[in-house]
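Each chain, letter by letter, is given below.
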Amino acid sequence: MAAPLVLAVLVAVTVRAVLYRSSLAAFISERVEVASPLNAWKRVVEGLALLDLGVSPYSGAIFHETPLIIYLFHFLIEYAELVFMITDVLTAVALYLAIQDFNKVVFKKQKLLIELDKYAPDVAELIRTPMEMHYIPLKVALFYLLNPYTVMSCVAKSTCAINNTVIAFFVLATIKGSAFLSAVFLALATYQSLYPLTLFAPALLYLLQRQFIPIKLKSKSFWLYTMQYAALYLCSLVVIICLSFFLLNSWDFIPSVYGFILSVPDLTPNIGLFWYFFAEMFEHFSLFFVCVFQINVFFYTIPLAIKLKEHPVFFMFVQIAIISIFKSYPTVGDVALYMAFLPVWSHLYRFLRNIFILSCVLIVCSLLFPVLWHLWIYAGSANSNFYYAITLTFNIGQILLISDYFYAFLRREYYLTHGLHLTRQDGTEAMLVLK
Amino acid sequence: FQDQAEQFFRSGHTNNWAVLVCTSRFWFNYRHVANTLSVYRSVKRLGIPDSHIVLMLADDMACNPRNPKPATVFSHKNMELNVYGDDVEVDYRSYEVTVENFLRVLTGRIPPSTSRSKRLLSDDRSNILIYMTGHGGNGFLKFQDSEEITNVELADAFEQMWQKRRYNELLFIIDTCQGASMYERFYSPNIMALASSQVGEDSLSHQPDLGIGVHLMDRYTFYVLEFLEEIHPASQTNMNDLFQVCPKSLCVSTPGHRTDLFQRDPRSVLITDFFGSVRKVEITTETISLDRDVAGFESKLPKDELATEPLKYAEQLPVAQIIHQKPKQKDWHPPGGFILGLWALIIMVFFKTYGIKHMKHIF
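Residue positions within a chain follow its written sequence, with the count starting from 1. Whichever chain is written first is A, and whichever ligand is written first is 1; the rest continue in order. Totals for whole chains, interfaces and linings use all residues, but because this is a predicted model, local features are given only for residues with pLDDT of at least 70 and pairs of side-chain atoms are given and counted only at 80 or more. Neither water nor hydrogens contribute to the side-chain values; these are computed over all heavy atoms in the structure.

## Observations regarding the interface of chain B and chain A
Residues count as neighbours in contact if any of their non-hydrogen atoms are within 4.5 Å of one another. Contacts between the two partners involve 16 residues from chain B and, on the opposite side, 18 residues from chain A. Buried area adds together the accessible area that both of two parts lose upon being put together, with accessible area traced by a 1.4 Å probe. With both sides pooled, the region where chain B packs onto chain A buries about 1500 Å², and carbon together with sulfur makes up 77% of that total. Interface area lost by chain B to chain A is led by B:Trp332, B:Phe338 and B:Val349, which between them contribute 45%. Salt bridges are defined as contacts in which a side-chain nitrogen from Lys or Arg sits within 4 Å of a carboxyl oxygen from Asp or Glu. Counting across the chain B and chain A interface gives zero salt bridges. Counted as a polar contact is a pair of N or O atoms within 3.5 Å, where, for protein atoms, one must be capable of donating a hydrogen and the other of accepting one, and residues adjacent in sequence contribute only when both atoms are in side chains. Inspection of the region where chain B meets chain A yields one residue pair in polar contact (both at pLDDT 80 or more).

Now the structure itself:
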């Protein structure tokens, strides 16, 4: 399987290299859908230039990257294009290895459940075989590498690619079962952009499952392991933050990075939901609504943890998707990350209800984003409502996609344990509904 | 005769100009107009004609409806000295005193329609006195209660004047709060500056007159005026004496001065080099034949003067040596402790994950 992966990597690198040399690179790097105030390349360059002039890059409202990014690019700024291509390749390879391992885990679990007779007798067609699962890792890597969103994000040199790499390594470490590495990468991901904090729950659930610790609130080993993992995570986070202090000898980066993410002062339009709402809000309400919007991101973790505690990797996928939809400055790079996981759930295809409409919505919205931007900003014949409408539609499409997959997953699980032909009490055919 | 000729050509200027600016309006800023008018009076008395004085007064105190003694501006509470006099010629009055007009006067970038009395027609042999008074702060001076001029702008205007050869030497006097901040940024050569107070100090006013109802003058200018009243066109008093005017006991604030940009020793600079218009004309009744051979002239320079060549515009002073402009651009490097800590952590994580036994594969 290494050879097709290498081929895919080569194709992806060629595509990116070609785009870097073309005139589209400048055009793409200015698109607001690709570059947000948090991860635009222009701002990284500006921050490093300010540092060379002897001024702290966090002193204005331009630079919102973490000190580790300053350190990384201080030495690599001439090779920036190479760095971003390498990060994309690393993400793809990490996802490939992660999904390969995950397939083995899934298959083992399936075998165990079959032997324990947990499945209904007529669900033979729902059982997954190694044959069909063989190409899934390659498809995942391909989905990530050749996704137009990823390519655009890489050509624009948005540091979202680095965030994605860290999250991909976190996923790899979790699925391999190493609690220490998983905690370290999760701390790095949280340090980079705060929202991966919610990925703590699925990682913990997966590692508990792997250690065969039952998830009961009264179980002592559960709490022990949770405390261990939480301690590892918090210690690494604290260590990384303290280390960042020593780069510039100041704590300026905390309000600049995390204060910026949480308080959303910059209302440049992007594909998210925050900007329009806060652009038209009165000052005295903005604190309340900022809190509401931010809680919305973190809010789904606990209910999903309760519902999906047997399926932590699916939980991880849903959580990453929720982060990309509801975060304060989303870009298409974040969308590309969770879309890379879709081949893993390709067996759910028969249960997806709205997949055609949703894919059309997503494709059409992606095409309409630049059109309506041009109409609004350059031609002047539209206004911000048009762009906001497309943003809304795009996000609704994403939310419906996630909920569709959620429904399909749960439905398959239900069928597995209750049989494919469900009947009601009076014998007519029953239909599963997500309440 | 040669000694007399040396005395004659001691300073390099042939004409004198004065730019006197009062930047505050309203009746309670009477003292700023009085300050400016007293310097005007001294300067005129010592010989500079109105055609060489640009007087900018932001408000009219003499004819102000609140003035109980109309057509007068007094500088002392016993009404001893009416500095308004009979022949005051105000060039920029009232709302014409703006930062833009002031800078245009200094740099000479004046629209062609401006009248001659409003222009500073100096050349490279002019000594200019610039006196400013009003309300100021650290690095700025307030004009008309609506705009400000900063010390950087002023320094750049003086540099423009130097580059356009609009002055030989310049004396800058400022009487405002924190006045020393206004001369901090000068970087052009041949500028001497005096201020009434240091950064962080306020310049105080002298005394109020209960009949007129306002403070009549500021302390620093009051004592400068007292000092200047003693000067006559033939005085040999030099700048060091002017630096001693108004010590802290009288002025409460600490006057400051700046001479590092000035070529000559302040001890050899006469007050009348700036405040007066001492014409280098001596009338003799006999004819003198000048010796063709003047080669021995330069060796007769007294020892305490700088034996440097007279400064020509073609070889300007290296500005970077005089002031520190921008610091040399150093590239930023992350501190060693950070790099060490980061890589130590990375190596620790690596070995924790993969075990120590791999070390033997590396070495």
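Back to the write-up after that little detour.
## Concerning the UniProt feature "active site" (unreviewed entry) in chain B
All names here are of chain B. The UniProt feature table records "active site" (unreviewed entry) at His135 and Cys177. Spanning 43 residues, the annotated positions come together in the fold, the maximum distance between their C-alpha atoms being 6.4 Å. Only DSSP runs of H or I reaching four residues or more are called helices, and only runs of E reaching two or more are called strands; each is numbered from the N terminus. Structurally, the position occupied by His135 is in strand S5 (residues 135-137). Setting aside its immediate chain neighbours within four residues, His135 contacts Thr23, Ser24, Asn29, Arg31, His32, Leu141, Lys142 and Thr176. Side-chain polar atoms of His135 contact the side chain of Asn29, separated by 2.8 Å. The residue Cys177 is located in the loop between strand S8 (169-175) and strand S9 (191-195) in this model. Exposure is judged per residue with a 1.4 Å probe applied to protein chains only, and the accessible area is read against the type maximum: over 50% gives exposed, under 20% gives buried, and values in between give partly exposed. A relative accessible area of 19% means that Cys177 is categorised as buried. Beyond its immediate stretch of four places on either side in the chain, Cys177 contacts Gly136, Gly137, Ser197, Glu201, Asp202 and Ser203. UniProt positions are given in the numbering used here, feature names are shortened, and annotations may be inferred rather than shown by experiment.

## Notes on the pattern of salt bridges
All names here are of chain A. Counted under the stated rule, the structure contains 22 salt bridges over all chains. For the salt bridge of Glu413 with Arg412, the shortest nitrogen-to-oxygen distance reads 3.5 Å. With a relative accessible area of 6%, Arg412 lands in the buried category. Linked through salt bridges whose partners overlap, the residues forming this network are Arg21, Glu81 and Lys157.

## Quick word on helix H17 (residues 312-326) of chain A
Take the number of residues in a helix, subtract one, and multiply by 1.5 Å to get its expected span. Between its terminal C-alpha atoms H17(A) stretches 20 Å, which fits the 21 Å expected from 15 residues at 1.5 Å a residue. For H17(A), the tally of buried residues reaches 15 of 15 residues, placing the bulk of the element in the interior.

## A closer look at the sheet that holds S5(B)
Residues and elements named next belong to chain B. The strand order S5-S6-S7 describes an open sheet built from three strands, whose pairing is antiparallel. In the strand order of this sheet, the two ends are held by S5 and strand S7 (147-150), each with one partner. Taken over all neighbouring pairs, the strand axes of this sheet differ in orientation by 30° on average, direction set aside. The criterion for strand pairing is that DSSP finds at least two bridges linking the strands in question. Here strand S6 (residues 140-143) runs beside S7; their pairing, made up of four bridges, is antiparallel. Directly across from Phe143, in S7, lies its bridge partner Glu147. To obtain an axis, a line is fitted to C-alpha atoms, over the contacting stretch when the element is a helix, and the angle between two such axes runs from 0 to 180 degrees between their N-to-C directions.

## Describing the state of the cysteines
All names here are of chain B. Cysteine sulfur atoms that come within 2.5 Å of each other are treated as a disulfide pair. Scanning all chains against the criterion turns up one disulfide over all chains. What pairs with Cys246 in a disulfide is Cys251, and their sulfur atoms sit 1.6 Å apart. Measuring the twist about the S-S bond at about 95°, one finds the Cys246-Cys251 disulfide to be right-handed.

## Points about the pairing of S9(B)
Residue and element names in this part refer to chain B. Burial analysis of S9 places five of its five residues in the buried class, which makes it a mostly covered element. Side-chain alternation along S9 places Ile191, Ala193 and Ala195 on one buried face and Met192 and Leu194 on a second face that is also buried. Relative to S9, S8 runs parallel, the two being bridged by five bridges. In the sheet register, Ile174 faces S9, and the bridge partner there is Ala195. Sheet topology note: the S9/strand S10 (residues 256-258) ladder contains three bridges and is antiparallel. Bridged to Ala193 within S10 is Arg258.

## Some details on helix H3 (residues 41-52) of chain A
Residue and element names in this part refer to chain A. Look at H3: 17 Å from first C-alpha to last across 12 residues, which is about the 16 Å you get at 1.5 Å a residue. Considering only its buried residues, H3 is in contact with helix H4 (67-76), helix H5 (80-115) and helix H12 (220-248). Remark: Gly54 follows H3 within two positions and exhibits a positive phi of approximately 90°.

## So, the packing of aromatic side chains
Residues and elements named next belong to chain A. Stacked, edge-to-face and tilted are the three classes for Phe, Tyr and Trp ring pairs, Trp counted by its six-membered ring, which pair at centre distances within 6.5 Å; planes under 30 degrees apart are stacked, over 60 edge-to-face, the rest tilted. With the rule as written, the count across this model stands at 55 aromatic pairs over all chains. For the pair Phe169 and Phe185, a centre-to-centre distance of 5.5 Å together with 20° between the ring planes defines the contact as stacked. Of this pair, Phe169 sits in helix H9 (residues 160-176) while Phe185 sits in helix H10 (residues 179-193); the two residues are 16 residues apart in sequence, bridging distant segments of the chain. Under the relative-accessibility criterion, Phe169 is labelled partly exposed at 23%.

## Observations concerning the confidence of the model for chain A
Each residue carries a pLDDT score, the predictor's confidence in it, ranging from 0 to 100. Of the residues in chain A, 97% have a pLDDT of 70 or more, and the chain-wide mean is 90. Within chain A, helix H6 (residues 130-133) of chain A has the poorest average pLDDT of any element, 83, and H9(A) the best, 95.

## Description of the sheet that holds S10(B)
Residue and element names in this part refer to chain B. A sheet is described by the order of its strands in space; here seven strands give the open sequence S3-S2-S1-S4-S8-S9-S10, paired in mixed fashion. Unpaired on one side and paired on the other, strand S3 (92-93) and S10 mark the two borders of the sheet. Relative to S8, helix H4 (residues 151-163) is tilted by about 160°, and along the sheet it contacts strand S4 (126-133), S8 and S9. In the packing of helix H5 (residues 219-229) onto the sheet, contacts are made with S4, S8 and S9, and the angle to S8 comes to roughly 130°.

## Considerations on the packing of helix H19 (residues 355-379) of chain A against helix H20 (residues 384-418) of chain A
Residue and element names in this part refer to chain A. Where H19 contacts H20, the axes come no closer than 9 Å and their chain directions differ by 160°. With respect to H20, the element H19 is oriented roughly antiparallel. As for the relative orientation of H19 and H20, their crossing is left-handed in sense. Classifying every residue of the contact of H19 with H20 by side-chain character gives 17 nonpolar, six polar and one charged. Oblique is the label for any angle not covered by the other classes, which are roughly parallel (under 35 degrees), roughly antiparallel (over 145) and roughly perpendicular (65 to 115). A crossing counts as left-handed when the near helix is turned anticlockwise from the far one by less than a right angle, and as right-handed when that turn is clockwise. Under this grouping Gly is polar, as are all residues other than the nonpolar Ala, Val, Leu, Ile, Met, Phe, Trp, Tyr, Cys and Pro and the charged Asp, Glu, Lys and Arg.

## Structural notes on a nonpolar patch on the surface
Residues and elements named next belong to chain A. Patch members must show over 30% relative accessible area and no salt bridge, and they are joined within 9 Å when carrying like charges or within 5 Å when they are nonpolar side chains of Val, Leu, Ile, Met, Phe, Trp or Tyr. Each accessible area is a Shrake-Rupley result for a 1.4 Å probe, and residues are judged covered by the shown protein chains and nothing else. A cluster of nonpolar side chains, namely Leu7, Val11, Val15, Leu142 and Leu146, defines an oily patch on the protein surface of about 370 Å² accessible area. Taken together, the elements giving at least two residues each to the nonpolar patch come down to helix H1 (2-21) and helix H7 (136-146). Topologically, Leu142 is positioned in helix H7.

## Thoughts on the UniProt feature "transmembrane region" (unreviewed entry) in chain B
With numbering matched to this structure, UniProt assigns "transmembrane region" (unreviewed entry) to residues 332-351 of chain B. For the annotated span residues 332-351 of chain B, helix accounts for 80% and strand for 0% of the residues, and the straight-line distance between the end C-alpha atoms is 31 Å.

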